[in-house]
Each structure stands twice: as C-alpha cells, then as structure tokens.
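Each chain is listed here by its residues.
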Amino acid sequence: MNDSSWEAPPQAGYWGSPDRGPAQGAGPVGPPYDAHYAQQTRPMPLVPAAPEHGGGQDVDQGAARLGGPLVRDETTRARPHPGEMPHHPQNPESMSDAPQPVPPPQKKTAGRDLGAAIGVGVGLCALVVVSLFIVKAVFVGVVAVAIVVGLRELTKRLEERKGIRAPFVPLAVGGAAMIVSGYVWGSDGAWIAVALTALAVLVRRMAQPPENYLRDVTAGVFAVFYVPFLATFVSMMLAADDGPWRVLTFIVITVVADTGAYAVGWRFGTHKLAPRISPGKTREGLLGAVGFAMAAGALCMQFLIDEGTWWQGLLLGLAVSVSATLGDLGESMIKRDLGIKDMGTLLPGHGGIMDRLDSLLPTAPVVWLLLVLFVGS
C-alpha cells in the first residue's frame, strides 16, 4: 500500500529543527525527529496498534505523536492497523464506499408503451378504413384535420425552441383548402391553393414588427410544402375511380415498411444507419423495411389495384421503403435541431400527429406518381 499523503519526507522548513520546540499551532509534542529513523521507515510510517475500546486513547493522536502534527477535520478517518478489518461507524454515508452488487443485465425493451401504441394504431386504422370506404368526402375531412393538427404541432415547436413565429392561421386555412382542392380539381387546384397559402403567410406576418420577418415567413413557406402540399397527393389518389384501394395500398405499404424496419432493427440491428441524425436506426432495419415493403407491395398490386401486377408491387415497395426512411430521417433531423424527442403528445405510445406523418408525407407523391405510371390516373 502506498498513499501519496504519507510519502513526502519531513522537511526542516515545515516540521522545524529537532532541537527546537514545537511549532506554533502544531499538534502534541512527539519525540525528537530522527533523520536516520525516518529514512528507514519510508514510504509508510509505522502506525501504533489500535487501542482497546474504552482505553481513552485516540488513534489520530497516536499518529500525531509519531510523525508530528496531523491536520484533522470532520472527514478525517483513522487508518486501521495492517491486517485489521476497518471499523465503520453506524452511519449510512460510510457505507457508500463499500462494493455494491452488480445489477443484472437489463432486458432489451422497445422503448415505448407498446400496449398504448398498438391500441392507438388499431383505432387509427379503423378510422381510416371506415371513412375511406363509406364516403370519400369524410376521409378528405379526416386528412384535413390531421394536417391542421400537424401544422399546429410544428409551429408550436418552432416557436418554443427557436423563437420562430410562423403564422398559423393562414397555414391552417390554406392547408385544409389545399387538401380539398387536390380532391376536387386535381393538381391544378392544388397548385393554386399552394400559391395563395404562401401569399397569405407573407401578408399575415406583415401585421407584426419587421424584425425576423424573413426568418418567420421562410419557416411558414417551408411548413406549406412540408405538410399540406405533400398530403395533397393523398387526396389526388383518392379522386381516382379506385381511389380508396390506392390510398389503402399507400398506407399499408408504408406502415409495413415502418413495422419491418422497427422489428428487424430492434431484434438484429447492430450497424448504425445515420447515428448523427437518428441513433436508433440501423442498416439491418433498412433491409427489413425493404423486404417487408416489397412483399406487401407485390400483394397489394396483385390483389387490390386493377390491372396491377406483382412485379410492379416489388418496385413500388422498394421505392416506398426508401422514401419512408428518408422521411423519417428528415423529421428526426428537425427534432434533433429543435432538441425534442416527439413533436407532440396527442397519441399515447406514438407522440404527436407529425410523428405518425413523418414517413407518410414524403411517400405520398412517390406512390401517386408510380400508380399513375403503372395503371394510369
């Protein structure tokens, strides 16, 4: 045992000369300093045996008499005699230095409340299917409501974390109008609604002071294209004769891609896909998304889409797996920049609406375009 606090040899400037009296403020006077004796006992001085309990002696005082003064405070503890078990007072704080048992390895978990997530997912699927196959207009309303809520989450997070005040009212009104225009008038109506919404954002922001005007309107125009514009392709898919089946194909392949990536990545994922953006995503998860999406795409194109074939479904599934992954990474990039985990708390086990739309939004134009190329509009 070698303790650095005991290694420094006594020096005349500190301990004083052997033939002088004790230094002012020193401890109890011990025997005169013997240089030859000190050299023989380094690096560890002899410690007298611990006295019997109740003997009226103090171990620290004994150490002081041997080597000179010993500075004491409330944290100083007596050193036990070699070979003697250290005595710990009955104080809970003194037990903190004792070795603690090693906890058992933690079981790998999914990281979310799976029960709540599954329940919310089933409820959302039921709402989509019922509104999709009963009255198309009802589904358009569901999409519009989801877009307005997503815009609210996005604008609130921008203001809370970055101080960016994108005008919400023109975004909400214009976003809902874009969804309806895409369903009623197609792409021409959607583009007109996009232009008018962007203009409304510019005008609405003029009612506030000019500081940070460019920053706020830039965020507003970004929100126009990121949320309602991409969602307009869903309403354009719905406008076709077999629109409900096209929308169902779009949703099924995207959800299956996300599920495959999650399941395979959680079970087998070891190689990070983009650790700086989303540390939880792995290359194995991406392969799972590709495989699951291609299988789902082949089945959907073969059995749900008129004049569709299985090989078209393979291509569609491959494209969806890529676009869904990029969309997920894109929103992860936004959330990492904002310093948040979820965009909202509306959906237990899922986060907010935007946390469910992250992969659906960029996938909508991809599916719309490929279906037009494969089977027409």
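If you're wondering where the values come from, they're calculated on a predicted model, not measured in any experiment. (Residues numbered from 1 in each chain as written. Predicted model: local features only at pLDDT ≥ 70, side-chain atom pairs only at ≥ 80, totals over all residues. Heavy atoms only, no water.)

Section: the overall build of the protein chain
And then number 1: Within the protein chain one finds twelve helices and two strands.
And then number 2: Going from N to C terminus, the protein chain has its helices and strands arranged as α-α-α-α-α-α-α-α-β-β-α-α-α-α.
And then number 3: Taking contacts inside the protein chain between residues at least 6 apart in sequence as the whole, the part at least 24 apart equals 68%. (Helix = DSSP H or I, 4+ residues; strand = E, 2+ residues; numbered from the N terminus. Contact = heavy atoms within 4.5 Å.)

A closer look at the packing of helix H8 (residues 243-268) against helix H9 (residues 283-303)
And then number 1: Viewed as axis vectors pointing N to C, H8 and H9 meet at an angle of 150 degrees, and their least axial separation amounts to 7 Å. As far as their axial angle goes, H9 and H8 are roughly antiparallel. Relative to H9, the crossing made by H8 is right-handed. The segment H8 lies against H9, with Thr-249, Val-252, Ile-253, Val-256, Ala-257, Gly-260, Ala-261, Val-264, Gly-265 and Phe-268 engaging Glu-284, Gly-285, Gly-288, Ala-289, Phe-292, Ala-293, Ala-296, Gly-297 and Cys-300.
And then number 2: For the contact of H8 with H9, the per-class residue count stands at twelve nonpolar, six polar and one charged. (Axes fitted to C-alpha atoms, helices over the stretch in contact; angles between N-to-C directions. Parallel < 35°, antiparallel > 145°, perpendicular 65-115°, else oblique. Left-handed = near helix turned anticlockwise from the far one by under 90°. Nonpolar A, V, L, I, M, F, W, Y, C, P; charged D, E, K, R; others polar.)

A few points about the pairing of strand S2 (residues 278-282)
And then number 1: In this sheet, S2 lies alongside strand S1 (residues 272-274) in antiparallel orientation, the contact comprising two bridges. Within S2, the position partnered with Lys-272 by the bridge is Thr-282.
And then number 2: As consecutive antiparallel partners, S1 and S2 are separated by three residues. (Pairing = 2+ DSSP bridges.)

Quick look at the nonpolar core
And then number 1: Counting 56 residues, the largest nonpolar core has Ile-147, Val-247 and Leu-316 as its most contacted members.
And then number 2: Here the element with the most residues in this core is helix H7 (residues 213-238); it accounts for 13 residues.
And then number 3: With near-sequence residues (within four places) excluded, Leu-316 lies in contact with Thr-249, Ile-253, Met-301, Val-367, Leu-370 and Leu-371. (Core = buried A, V, L, I, M, F, W, Y, C linked by side-chain atoms within 4.5 Å. Buried < 20%, exposed > 50% of the residue type's maximum accessible area, 1.4 Å probe, protein only.)

Digging into a nonpolar patch on the surface
And then number 1: Together, Ile-192, Leu-196, Leu-199, Leu-202 and Val-203 make up a nonpolar patch on the protein surface, roughly 460 Å² of accessible area in all.
And then number 2: Within the secondary structure layout, Ile-192 lies in helix H6 (residues 168-205). (Patch = residues over 30% accessible without salt bridge, like charges linked within 9 Å, V, L, I, M, F, W, Y side chains within 5 Å. Areas by Shrake-Rupley, 256 points an atom, 1.4 Å probe, with all protein chains shown as cover. Salt bridge = Lys/Arg side-chain N within 4 Å of Asp/Glu carboxyl O.)

Some words on the side chain of Ser-359
And then number 1: In this structure, Ser-359 sits in the loop between helix H11 (353-357) and helix H12 (360-375).
And then number 2: Ser-359 has contacts with Thr-254, Asp-258 and Ala-324, leaving out every residue within four places of it along the chain.

So, unusual backbone geometry
And then number 1: Its identity as a non-glycine residue notwithstanding, Asn-212 has a phi of 60 degrees, on the positive side.
And then number 2: Checked against the element boundaries, Asn-212 lands in the loop between H6 and H7.
And then number 3: The phi torsion at Glu-307 lies on the positive side, around 65 degrees, for a residue other than glycine.
And then number 4: Mapped onto the fold, Glu-307 is located in the loop between H9 and helix H10 (310-338).

Re the pattern of salt bridges
And then number 1: For the coordinates displayed, the defined rule picks out nine salt bridges.
And then number 2: Residue Glu-331 pairs with Lys-335 through a salt bridge whose shortest N-O separation is 3.9 Å. Placement of the pair is Glu-331 and Lys-335 together in helix H10, with a separation of four residues, close to one helical turn. Comparing Glu-331 with Lys-335 shows no difference in burial state: the two are buried.
And then number 3: What emerges from the salt-bridge pattern is a single network uniting Arg-205, Arg-215 and Asp-216.

Things to note about the environment of Lys-335
And then number 1: Exposure remark for Lys-335: the relative accessible area of 11% places this residue in the buried category.
And then number 2: Every residue in contact with Lys-335, bar those within four places of it in the chain, is listed here: Ile-340, Lys-341, Asp-342, Met-343 and Asp-355.

A short note on the confidence of the model for the protein chain
And then number 1: Here the protein chain averages 79 in pLDDT, while 68% of its residues score no lower than 70.
And then number 2: This model gives residues 1-30 a pLDDT under 50, and the stretch forms 29 contacts once residues within four places in sequence are excluded.
And then number 3: Per-residue pLDDT stays below 50 along residues 50-78; that stretch engages in 28 contacts with residues further than four places along the chain or on separate chains. (pLDDT = per-residue confidence, 0-100.)

Topic: the side chain of Glu-153
And then number 1: Note that Glu-153 resides in helix H5 (residues 136-162).
And then number 2: Among buried charged residues, Glu-153 stands out as having no salt bridge; its nearest opposite-charge side chain is Arg-157, 6.1 Å away.
And then number 3: In contact with Glu-153, not counting residues within four places along its chain, are Met-343, Gly-344, Leu-346, Gly-352, Ile-353 and Met-354. (Lys, Arg positive; Asp, Glu negative; His and termini not counted.)

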